[in-house]
Amino acid sequence: MVTMYKNYVKNYNELNEQIVELSKNIPEVLSSFASLNKAGIKDGTLDQKTKELVALGIAIALRCDGCIAYHAHDSVKAGATEKEVAEIVGVSVMMGGGPAVVYGAEALGAVRQFVAEEIKEHG
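Residues numbered from 1 in each chain as written. Predicted model: local features only at pLDDT ≥ 70, side-chain atom pairs only at ≥ 80, totals over all residues. Heavy atoms only, no water.

Draft legend 1. Examining the pattern of salt bridges more closely. Inspection of every chain in the model, using the stated rule, returns eight salt bridges. Salt-bridge contacts for K24 lead to E21; the nearest nitrogen and oxygen are separated by 2.9 Å. Of this pair, K24 and E21 both sit in helix α1 (residues 8-25), three residues apart, roughly one helical turn. Given a relative accessible area of 44%, E21 falls into the partly exposed group. The residue E117 makes a salt bridge to K120 at a minimum N-O spacing of 3.5 Å. Within this pair, E117 and its partner K120 are both found in helix α5 (residues 82-122), separated by three residues, close to a single helical turn. Taking the relative accessible area as the measure of exposure, E117 reaches 23% and is therefore partly exposed. (Salt bridge = Lys/Arg side-chain N within 4 Å of Asp/Glu carboxyl O. Helix = DSSP H or I, 4+ residues; strand = E, 2+ residues; numbered from the N terminus. Buried < 20%, exposed > 50% of the residue type's maximum accessible area, 1.4 Å probe, protein only.)

Okay, structure coming up:
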């Protein structure tokens, strides 16, 4: 496993706590965002895994650590494989250039962290 300086599992958990706190201040906004996310990611012509991979690719291209944490987590939960993520990283690099290489490498590492966490939790 690649050693990374960022712990995306920890980042994901901390962001969840911070978002709960934020939602106390702007509950209507975050409730609406949660509904939008749920509607956007549900199975349709494209399945949830594909949509999570697209979201991960966008997170890489936008260079958003928190977004990478969330969509790496949700891609793993939706059944994405490391090879599928690697291909999404390739598309992100095509669209985002050098910075996408860096964030793409981090996204692949984040997926590996979430897979390792899944293995610890579920054997």
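The discussion continues.
Draft legend 2. Just unusual backbone geometry, in detail. Look at R63: it is not a glycine, yet its phi comes out positive at around 60 degrees. Mapped onto the elements, R63 comes out in the loop between α3 (48-62) and α4 (65-77).

Draft legend 3. Seen up close, the packing of aromatic side chains. Using the criterion set out here, one finds two aromatic pairs in the structure. Judged by centre distance (5.7 Å) and plane angle (80 degrees), the ring pair of Y12 and F114 falls under edge-to-face. In this pair, Y12 is assigned in helix α1 and F114 in helix α5, connecting sequence segments 102 residues apart. You'll find Y12 and F114 in the same group, each marked buried. (Phe/Tyr/Trp six-rings, centres within 6.5 Å; stacked < 30°, edge-to-face > 60°.)

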